[in-house]
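# A look at the structure
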Amino acid sequence: MSKTTLSWKDEVASRAEGLIGLRRDFHRHPELSMAERRTAGVIAERLQAAGLEVRTGSEATGAETAVVGILHGERPGRTIAWRADIDALPLNEIPDLPFKSAVPGAMHACGHDGHAAVAITMAEILAARRGELPGTAVFIFQPAEETLGGAQRMIEAGVLDDPPVEKVYGIHLTTLLPAGQVGVRPGPVMASSDFFEVEVKGSGGHGAYPHLSIDPITAASHILIGMQDLVSREIDPTQPAVMTIGEIKGGNRHNIIPETAIMRGSIRAFDQQVRDQLVERLGAYASRMARAYRAEARVTIGGQCCPAVVNPEDEAGHVHRCAAGEIGEEQVTAPPPVMGSDDMSLFLQARPGCYFWVGAAPADKPPAPHHHPAFELNEDSLAVGVRTGLAVMMGALAAP
Ligand code: NI
């Protein structure tokens, strides 16, 4: 089967209304990480109706709200997975759209509603052509990407092992690219993410008698400022790295020196060695710095970690060729890597594959950032996602 001449344009165009309607349904009913019950229900129902073998529940998929759909083609071929994340964010949506979130405190502000709709539509189209489908397509609907916990659970539950998946692909919609474009790049494309907590323990007392106390706030402040020097003085300056403290808590009254101060933050990097170096040095640095102030510091690296998203050269090349064949070479770009994270990285650590961008910037206004309550998607992106996704999957399933 030819990889490049087969166009999905008409097939996808005939389903455009349903595709957009499905995305709007998810948008109207957003659900937070690990609480995607309705979303998972809709996905399972659609896949079942299309004739896929559907797996749900913790035992089979690793999470109560995960769904796996397996589609056996009638021709020989490979076993290839497509991964879509499905969770929303704890935000109150601002834009007054007809399909605005009906759930206070929850909003699809990253495009995962689109990811779910695109993947379902791909599965339905391939299911309708089962007779000419080579191999086995596995559709992985992952909960809890925003909290970076869903991928690991699904991998541990064996979703890549039964049937034995050879490669895994997926998209992220992005308002950093115009609708109609696809972005794909080999090498690191998204950063690793490590959550950490620094607890500084001093000895409390009256704010007027600091000499009788050990002030954890002053010690924490110095740790916070000096921490940036781990990046600027100890990491190769050609290697990107970020340390951010996003939360700092200590004390509850202006004239009381508290017992403890707590800071929480994240470390981002592309290179595994840089990541390991910062994680290791942060502990030693914080505890010695605290001791200089007679305090004690304990650093905990949290469980919500994931490595960088790295696309192998061959698989990124495959996506580039398939996307160019489908939407034209001039619409395929290679945007620079971003310091954001995505636990798709764990799937790509387990199997070769590629995670690529599908442009979704609004046509008529500057885009609001992802994770912003004014976030809006250009729905023209959905058909592009389905078309390129189908070309990528068919090419990989039919590969010799
Ligand atoms: Ni996202």
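Here, the structure is the one placed above.
Positions within a chain are numbered from 1, following the residues in the order the chain's sequence is written. The model is predicted, so local features are restricted to residues of pLDDT at least 70 and side-chain atom pairs to those at 80 or more, both for listing and for counting; the totals for chains, interfaces and linings are taken over all residues. Computation of side-chain values: all heavy atoms of the structure, hydrogens and water removed.

## A few points about the packing of aromatic side chains
We describe a pair of aromatic rings using the distance from one ring centre to the other and the angle between the two ring planes. What counts, and what does not: Ring pairs shown here join Phe, Tyr and Trp side chains whose ring centres sit within 6.5 Å, with only the six-membered ring taken for Trp; geometry is labelled stacked below 30 degrees between planes, edge-to-face above 60, and tilted in between. A run of H or I in DSSP becomes a helix once it reaches four residues, and a run of E becomes a strand once it reaches two; helices and strands are each numbered from the N terminus. Accessible area is worked out with a 1.4 Å probe on protein chains only. A residue is then buried under 20% of its type maximum, exposed over 50%, and partly exposed in between.
Overall, the coordinates contain 1 aromatic pair when judged by the stated rule. On the numbers, 6.2 Å between centres and 75 degrees between planes, the contact of Trp82 with Phe356 is edge-to-face. With Trp82 in strand E3 (residues 75–85) and Phe356 in strand E16 (residues 353–361), this residue pair connects regions lying 274 residues apart in the sequence. For Trp82, a relative accessible area of 1% puts it in the buried group.

## Re the sheet that holds strand E13 (residues 296–301)
Note the threshold: The pairing criterion is simple: DSSP has to find at least two bridges between the two strands. Lines are fitted to the C-alpha atoms to define the axes, a helix being fitted only along its stretch in contact, and any angle between axes, read from their N-to-C directions, falls within 0 to 180 degrees. Only heavy atoms matter for contacts: two residues are in contact if any of them lie within 4.5 Å across the pair.
The 4 strands lie next to each other as E10-E12-E8-E13, forming an open sheet whose pairing is antiparallel. Each edge of the open sheet is held by one strand with a lone partner, namely strand E10 (241–250) and E13. Put simply, the sheet's adjacent strands are angled 20 degrees from each other on average, direction ignored. Here 9 bridges tie E10 to strand E12 (residues 260–269), and the two strands are oriented antiparallel to one another. Bridging from a neighbouring strand, Ile245 pairs with Gly265 of E12. Its contacts with the sheet place helix H7 (residues 216–234) against strand E8 (192–201), E10, E12 and E13, and it is angled at close to 170 degrees to E10. Against the sheet, helix H8 (residues 272–292) contacts E8, E10, E12 and E13, and its axis sits at roughly 160 degrees relative to E13.

## Some words on the nonpolar core
Going by this rule: Definition used in this section: a nonpolar core is a set of buried Ala, Val, Leu, Ile, Met, Phe, Trp, Tyr and Cys residues joined via side-chain atoms within 4.5 Å.
Counting 65 residues, the largest nonpolar core has Trp82, Leu126, Phe139, Phe141 and Phe356 as its most contacted members. Apart from the residues lying within four places of it in its own chain, the contact partners of Phe139 are Leu52, Val67, Val68, Gly69, Trp82, Ala119, Met122, Ala123 and Leu126. In this structure, Ala241, Met243, Ala261 and Ile267 belong to the second largest nonpolar core, which totals 26 residues.

## As for the sheet that holds E3
Across the sheet, which stays open at both edges, the 8 strands sit in the order E1-E2-E4-E3-E5-E16-E6-E15 with mixed pairing between neighbours. Across the chains shown, the open sheet's two edge strands, defined by having one partner strand only, are strand E1 (53–56) and strand E15 (332–333). For strand E6 (residues 182–183) and E16, the ladder comprises 2 bridges, and the chain directions are antiparallel. Bridged to Val182 within E16 is Val358. Helix H11 (residues 380–397) contacts E3, strand E4 (134–142), strand E5 (167–178), E6 and E16 of the sheet and is inclined by roughly 145 degrees relative to E3.

## Some thoughts on the coordination of the nickel ion
Operational definition: Each metal site lists N, O and S donors within 2.8 Å (3.2 Å for Na, K and Ca). With water left out of the atoms, a site can look as if it is missing ligands.
Bound to the nickel ion on the protein side are Cys110 (SG), His112 (NE2) and His172 (NE2), at distances that span 2.2 to 2.3 Å. For the nickel ion, the single-chain donor residues occur in sequence as C-x1-H-x59-H. You can see His112 sitting in helix H5 (residues 112–128) and its partner His172 sitting in strand E5, a full 60 residues away along the chain. Relative accessible area serves as the criterion here: at 5%, His172 is assigned to the buried category.

## Some words on the packing of helix H9 (residues 313–327) against H11
Our working definition: Note on angle classes: values under 35 degrees are labelled roughly parallel, values over 145 roughly antiparallel, values of 65 to 115 roughly perpendicular, and the remainder oblique. The hand of a helix crossing depends on one turn: near helix anticlockwise from the far one by less than a right angle means left-handed, and clockwise means right-handed. Any residue outside Ala, Val, Leu, Ile, Met, Phe, Trp, Tyr, Cys, Pro, Asp, Glu, Lys and Arg is labelled polar, Gly included; the first ten of those are nonpolar and the last four are charged.
Packing of H9 against H11 brings their axes to within 9 Å, and their N-to-C directions diverge by 125 degrees. In this view, H9 runs oblique relative to H11, as classed from their interaxial angle. Once H9 is placed against H11, the crossing between them reads as right-handed. Contact residues: H9 offers His318, Val319, Cys322, Ala323, Glu326 and Ile327, while H11 offers Val384, Arg387, Thr388, Ala391, Val392, Gly395 and Ala396. Broken down by class, the residue content of the contact of H9 with H11 amounts to 8 nonpolar, 3 polar and 2 charged.

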